[in-house]
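Structure assessment
Single-letter residue listing:
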Amino acid sequence: MSRAGKRTARLFREPYGLAFLGLCAVAIVLRSIPAWIYAGWGSDLGIYYGLTTSVINNGALFPSYTGWGQSYEHFPVLYAVTAVPHLLTGSEPFWLMTKVAPVFGGLSVAFAYFIARNAGLGRRAALLAMTLLAVNSIHVYQTSHAAPLTMGHFFLMACICLLTKPSMSRTDWTLLFVSTALLVGSHHFTTYIYLVSLPAMIALQRHTPSKVQMAYVAFAAGLAFAYWGLVATEVLSFVRTGTGLHWLAIVPAYAAFVAAILLLRGRLKLAVDWLAVPVSRGYEILKFWLAFAFLACMIALLAFAHSPAVALRVTPMLAVYSIPLFAILAFGAVGIGRTANLEKGPEIVGWFAAIALSLAIALAVGSDILLPERHLEYLVEPLSLFAAVGMAHLLAP
């Protein structure tokens with residue numbers, strides 16, 4: 001048995017294994033509640049159900065679709081995941097779709113534990129990171145839907161988990177390639193998030209990027225662009241509307257983005273090294289409250305400035321509901337520096353920074369294609385790890 005296999009087997013023989021399984025159950029239950037108490041849950045559910053029945057009845061992975069919206073029929077992983085248990089059990093497809101998808105949403109949280117362990121955290125801190133993501137309201141809400149994005153989150157986290165392993169075997173690489181293909185076939189925006197995160201993670205790692213890693217970046221990008229250009233053609237139409245770029249120009253634009261990050265690798269690593277410089281406990285407490293205050297001021301500014309990208313209405317309940325999210329972000333501000341000190345910590349910083357940069361661009365341009373609020377569900381995934389590190393240090397040093 002490999003070292004990773006032995007570690008996994010040992011996990012489930014110890015009390016930590018019971019905690020891990022318990023958190024998986026909590027994550028699944030929280031995301032499954034709406035499907036059990038409502039007849040239907042989530043926007044476009046009828047479209048997904050119709051496409052699923054078309055896959056089942058016609059046996060075509062890409063069923064014809066002429067209804068409202070575009071590109072729904074070109075991301076069939078959700079429909080296939082529903083169709084397989086239907087063919088095996090005969091259960092009603094609508095019931096299956098609404099019940100199976102939240103399970104994948106809950107299981108995506110399990111990868112947070114392994115990513116944290118890959119980064120260099122201990123088991124208790126890794127379980128804390130998993131806990132924070134399991135109960136995060138943004139992540140719970142989004143991944144509770146029987147929607148393509150839920151499957152996208154699962155395969156995104158699987159890819160990040162494999163990519164952050166200290167060493168990768170041939171089996172790991174095979175799983176990574178398969179997970180990447182399933183991610184591309186699951187959800188276009190989640191694939192975009194992965195494509196912008198991938199070069200940042202590789203550039204910030206402690207060792208020089210290998211030829212195999214660069215070949216993988218080319219594979220992931222090539223597969224996504226080929227899929228969007230030949231199958232899900234509406235996606236590139238969205239991109240063209242948002243950027244003004246012809247789809248043939250998007251590939252060299254992404255190549256230039258990757259090249260720029262690699263060329264700036266030295267300067268970016270200096271920034272990560274600066275983050276990793278140890279500071280006093282008093283300064284970290286100050287950092288927590290400054291981050292909390294900054295976030296509150298930013299929300300207030302967005303609310304009063306009437307940004308075209310964000311619609312907020314200031315109410316007392318908004319302040320109450322914002323407290324847990326602000327606290328996680330503030331703990332994350334403390335934990336990001338300590339995470340940068342971990343063996344695989346710079347990759348996690350790169351993952352977070354790439355999504356944060358995309359969010360900042362979305363806010364600046366006010367695009368109706370690159371929606372700012374859609375970044376939050378992805379941002380909280382690395383943020384949960386940072387917050388766990390910050391909480392462990394400030395509350396239980």
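Here is a short report on the structure shown in this document. Note that the coordinates shown come from a computational prediction; the quantities given were computed from them, not determined experimentally.

Side chains that are nonpolar tend, in soluble globular proteins, to be buried together. Judged by nonpolar contacts, the single largest core of 108 residues is most densely connected at Ile115, Tyr194, Tyr216 and Trp228. In contact with tyrosine 216, other than residues within four places in its own chain, are Cys159, Leu163, Trp173, Leu176, Phe177, Thr180, Tyr194 and Leu198.

Next up on the list: the packing of helix H2 (residues 15–37) against helix H7 (residues 123–134). Two elements in contact, H2 and H7, have axes separated by 10 Å at closest approach and are oriented at 10°. The orientation of H2 with respect to H7, classified from their angle, is roughly parallel. Where H2 abuts H7, its residues Tyr16, Ala19, Phe20, Leu23, Cys24, Ala27, Leu30 and Arg31 lie against Arg123, Arg124, Leu127, Met130, Thr131, Leu133 and Ala134. Considered class by class, the residues forming the contact of H2 with H7 number 11 nonpolar, 1 polar and 3 charged.

Below, the discussion takes up unusual backbone geometry. Its identity as a non-glycine residue notwithstanding, aspartate 44 has a phi of 65°, on the positive side. The topology assignment puts aspartate 44 in the loop between H2 and helix H3 (45–58). With a relative accessible area of 25%, aspartate 44 lands in the partly exposed category.

This brings us to the pattern of salt bridges. A full pass over the atoms with the stated rule returns 4 salt bridges. Across the salt bridge formed by glutamate 284 and arginine 338, the nearest N and O atoms sit 3.2 Å from each other. Linking glutamate 284 in helix H16 (residues 281–305) with arginine 338 in helix H17 (residues 316–340), this pair joins segments that are 54 residues apart in sequence. Look at arginine 338 and you get partly exposed, because its relative accessible area is 33%. Salt-bridge contacts for glutamate 377 lead to arginine 374; the nearest nitrogen and oxygen are separated by 3.4 Å. Relative accessible area serves as the criterion here: at 23%, arginine 374 is assigned to the partly exposed category.

Right, let's talk about the side chain of threonine 82 for a bit. Examined against the element boundaries, threonine 82 turns out to sit in helix H4 (residues 77–89). In this structure threonine 82 comes out as buried when scored by relative accessible area, which is 1%. Among all residues touching threonine 82, those that are not within four sequence positions of it are Thr52, Pro93, Leu96 and Met97.

Once that is clear, we can look at the environment of tryptophan 68. Among the structural elements, tryptophan 68 can be located in the loop between H3 and H4. With a relative accessible area of 63%, tryptophan 68 lands in the exposed category. In this structure the C-alpha to C-alpha distance between tryptophan 68 and isoleucine 47, which are 21 residues apart in sequence, comes to 8.3 Å.

Turning to the environment of tyrosine 49, a few remarks are in order. Along the chain, tyrosine 49 falls in helix H3. Measuring from C-alpha to C-alpha, the distance between tyrosine 49 and proline 93 comes to 7.5 Å, with 44 residues separating the pair along the chain.

Moving on, we get to H4. Relative to the 18 Å expected for 13 residues at 1.5 Å per residue, H4 spans 19 Å between its end C-alpha atoms, a close match to the ideal helical length. Those residues of H4 lying buried are Val77, Leu78, Tyr79, Thr82, Ala83 and His86. Residues of H4 that are buried make contact with H3, helix H5 (93–107), helix H9 (148–163) and helix H10 (170–184). Glycine 90 occupies a position one or two residues after H4 and carries a positive phi of about 80°.

Reading guide: rules and limits
Residues numbered from 1 in each chain as written. Predicted model: local features only at pLDDT ≥ 70, side-chain atom pairs only at ≥ 80, totals over all residues. Heavy atoms only, no water. Core = buried A, V, L, I, M, F, W, Y, C linked by side-chain atoms within 4.5 Å. Buried < 20%, exposed > 50% of the residue type's maximum accessible area, 1.4 Å probe, protein only. Contact = heavy atoms within 4.5 Å. Axes fitted to C-alpha atoms, helices over the stretch in contact; angles between N-to-C directions. Helix = DSSP H or I, 4+ residues; strand = E, 2+ residues; numbered from the N terminus. Parallel < 35°, antiparallel > 145°, perpendicular 65-115°, else oblique. Nonpolar A, V, L, I, M, F, W, Y, C, P; charged D, E, K, R; others polar. Salt bridge = Lys/Arg side-chain N within 4 Å of Asp/Glu carboxyl O. Expected span 1.5 Å × (residues − 1).

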